[in-house]
Amino acid sequence: MVCQKFCVILLHWEFIYVITAFNLSYTITPWRFKLSCMPPNTTYDYFLLPAEVSKNTSSLNGYYDTAVEAKFNSSGTYFSDLSKTTFHCCFWNEQDINKNCSVHADNIEGKTFASTVNFLVFQQTGANWNIQCWMKGGLKLFICYMEPLFKNPFKTYNFKVHLLYVLPEVLEDSPLVPQKGSFQIVQCNCSVHECCECLVPVPTTKLNNTLLMYLKITSGGIIFQSPLMSVHPINVVKPDPPVGLHTEITDDGNLKISWSSPPWVPFPLQYQVKYSENSTIMREVDQIVWATSLLVDGVLPGASYEVRVRGKRLHGPGIWSDWTTPHTLTTQDVIYFPPKILTSVGSNVSFHCIYKNEDKIVSSKKIVWWMNLAEKISQSQYNVVSDHISKVTFPNLNATKPRGKFTYDAVYCCNEHECHHRYAELYVIDVNIKISCETDGYLTKMTCRWSTNTIQSLVGSTLQLRYHRSSLYCSDIPSIHPISEPKDCHLQRDGFYECIFQPIFLLSGYTMWIRINHSLGSLDSPPTCVLPDSVVKPLPPSSVKAEITVKVGLLKISWEKPVFPENNLRYQIRYGLRGKEVQWKMYEVYDAKSKSASLPVPDLCTVYAVQVRCKRLDGLGYWSNWSNPAYTVVMDIKVPIRGPEFWRILNGDITKKERNVTLLWKPLMKNDSLCSVRRYVISHYTSRNGTWSEDVGNHTKFTFLWTEQAHTVTVLAINSIGASFANFNLTFSWPMSKVNIVQSLSAYPLNSSCVILSWILSPCDYNLMYFIVEWKNLNEDDEIKWLRIPSSFKKYYIHDHFIPIEKYQFSLYPIFMEGVGKPKIINSFTQDDIEKHQNDAGLYVIVPIIISSSILLLGTLLISHQRMKKLFWEDVPNPKNCSWAQGLNFQKRTDIL
């Protein structure tokens, strides 16, 4: 409304105070009302509506200028008594247009009068304002807005408005009129056009209380005071405009207008929706709805829709909010609904289409569908929804394969002979995300992990784990519960997301799934239900010990059961030789009461590393971590299995009956000594002196004097437990040293590291136990090397470093139970064999050279052949390019007649 001013012509600088009494309060309505101030005995019709003006309020603004001007030209006799006039103010609205707006002076606090004036003070007969009050949508400010009813062409002097109010603490329907001193005052914000806005703060807790107030208006030195007003702020709430206004085309081809309620509204709203459609025909619709959406039937391609929405209290009085900003939707010539679909693998989806070609909608029977413009979709997947709507269905979808930067499949709706460039987008994602959970050994928290490496990443999507906890156990078939909670998960370095539930309820079922949120919608992975008690990863066994048992010789492992969980457990043991890379062997213990195990091991004299872990006996949950490793200590387990193998060297004159015998033996290995040798003992036996022993400590050589006809010696190995159990005996006998059973001995060198010894024996009546073979380089002062060979062998491979040009001596001794027999000795390799070996060596060098040369020659010939062929045929024309050869088949034989 156009602001109008009132002009007052003053002859003297004296003020006229116009005061109204506190009579009955005026109840503020949700709609606009008026404040009018008039001289006494002036009726409503005379004051506002001169005889020339109709009582239709819509004509007031247009006629008032003429009416005022007409009064200015009158004789002025009416205004002669203005200085002694009392003004009365009252409220009225359009519904009271046929009532007189007169206020009697009864119960007025003092008479209102004007000082003496010597000239015409007012050139109009009163003052009028339009007023509307409402509670702002934020429910914190009460606002009254006022503006002049008529345009004032004259200058305004000091126009000010104050609002005085009181908000009682007690909630009463008809409160008593308070004293003037209890009113609070606020100054209203006024513009140059005398339009004012008054703001009153109202606590949220007092929205249902009665707010009492009145206005003081100062204009040109004249003060107007309104009657008392009252209102319940909750009854005049003007909500904020609805938010989130948007439109979309539904699967049925309708236009859906949606919005959300504004915030801070303590009651349900009704909504007024205005929309216009601009297509082949123009139409406008104004509709009241209670929901936050509205369906418009029959959306058309190539049309434009403009929508506005406003809201108001549904039940009880209220004020309409402002209109939302207009939302515009222009449909394309080809409409897909929905235009984009996000779905999961294995689902069925459908697209609808309306096709407009040259201002004409194509019949749905003539529409065909294509995928990525490369694959025509089978007509069995088509469905005619209506004359102009076609539908295509994709059953049991597979995951979309990305094509470059495109992560979707393009679905085209086409006319029979052409396709529009617009298409629908189909996103199919494999949401089969596996969630694994693990409860710690202290039973205080559950950690769940999941990875997205197995699914396609969709730009703009976010993933969130959601769960629902049931009171007890899991259902047989997990399902997504409508009430769920999100769980914060953090990405780890290994690419997995990790979420921690703490505290936990061991017997509650946690149903969880991964939700993929995207602007196109959300997808949920198949739900899984986890019972924390069933996914416990126990603490590892403690006090793990390992040892090799003495005399028994077994690897014994012992441990203590962890405190949690209290279920029966089975155990798994792994053990192996200590080193950088342990080759583990596994052993399981299913006896829940067992706390130890004894295992046979092949090597008792080495350090073993041992670890133990556990798991619930019923198979639920996980294996615990391996315990800290325990190690065995190498110590003597048993007496040595046997004494060392030994041989002798004879020194002295062979014609004499006394000779020095030096015994040689190799240190006993751990596997034979079990597990160490502290000393060696030589045991002697002769027929004259009987048996005696000599301790030689850790030496591996011992010399004694052989003086009797027969002398038997034994070398014993001694450890911390005792002497070796089985030992080798060697008898030196003068008669047996002359027994010769070895007829021949040959030595054949295979190469520089191996020589074959072969021999032939003659029959004998003695008990042959084994052979001793000796060899040494005759050109050097090397020690004699020897080996023990079983008696059944007739040939033996000796591995050593041999020089073909050197001379070697080989000796073969038969060892009988009665003593050492006469040896067979050769001082060189067998001659025929040497020559053959030398010839073979020449062949080994020549043959590889011949083969290499042949391969090289063959390659050269092949390359030369290709080059000659190319040079020869380079200048020969292709007969197929000749005119005389057109039409001839060169692959077919032709006979010349």
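Residues numbered from 1 in each chain as written. Predicted model: local features only at pLDDT ≥ 70, side-chain atom pairs only at ≥ 80, totals over all residues. Heavy atoms only, no water.

**Q** Help me out: how do you make sense of the confidence of the model for the protein chain in this one?
**A** The predicted coordinates ought not to be read in detail in places where the model reports low pLDDT. In the predicted model, the protein chain carries a mean pLDDT of 81, and 80% of its residues have values of at least 70. Segment residues 1-23 is flagged for pLDDT under 50; beyond a separation of four residues in sequence, or across chains, it makes 94 contacts in the model. Every residue in residues 44-85 scores below 50 in pLDDT, and together they form 73 contacts with partners more than four places removed in sequence or on other chains. (pLDDT = per-residue confidence, 0-100. Contact = heavy atoms within 4.5 Å.)

**Q** Is there a simple way to think about the packing of aromatic side chains in this case?
**A** The geometry of an aromatic ring pair is captured by the separation of the ring centres together with the interplanar angle, meaning the angle of the planes. Inspection of the entire model under this criterion finds 30 aromatic pairs. Taking 6.3 Å as the distance between ring centres and 80° as the angle between the ring planes, the aromatic pair formed by F351 and F394 counts as edge-to-face. One end of the pair, F351, is in strand β23 (residues 349-357); the other, F394, is in strand β28 (residues 390-394), and 43 residues separate them in sequence. Each member of the pair, F351 as well as F394, carries the same accessibility label: buried. Between F406 and Y408, the aromatic rings sit 5.8 Å apart at their centres with planes inclined by 85°, giving edge-to-face as the arrangement. Note on F406: relative accessible area 35%, which makes it partly exposed. The exposure class assigned to Y408 is buried, which follows from its relative accessible area of 10%. Ring-pair connections join several aromatic residues into one group, and the members of that group are F406, Y408, Y412, Y423 and Y427. (Phe/Tyr/Trp six-rings, centres within 6.5 Å; stacked < 30°, edge-to-face > 60°. Helix = DSSP H or I, 4+ residues; strand = E, 2+ residues; numbered from the N terminus. Buried < 20%, exposed > 50% of the residue type's maximum accessible area, 1.4 Å probe, protein only.)

**Q** What's the story with the sheet that holds strand β57 (residues 785-790) in this structure? I'm lost.
**A** Picture the strands of a sheet paired through backbone hydrogen bonds; they go either parallel or antiparallel. Within the open sheet, the 4 strands sit side by side as β57-β56-β59-β60. Their pairing is antiparallel. Taken across any chain shown, the strands that pair with only one partner, and hence form the sheet edges, are β57 and β60 (824-826). For this sheet the average axis-to-axis angle between neighbouring strands, irrespective of direction, equals 15°. Here strand β56 (residues 768-777) pairs with strand β59 (residues 808-816) via 9 bridges, running antiparallel. Counted as the bridge partner of N777 is Y808 from β59. (Pairing = 2+ DSSP bridges. Axes fitted to C-alpha atoms, helices over the stretch in contact; angles between N-to-C directions.)

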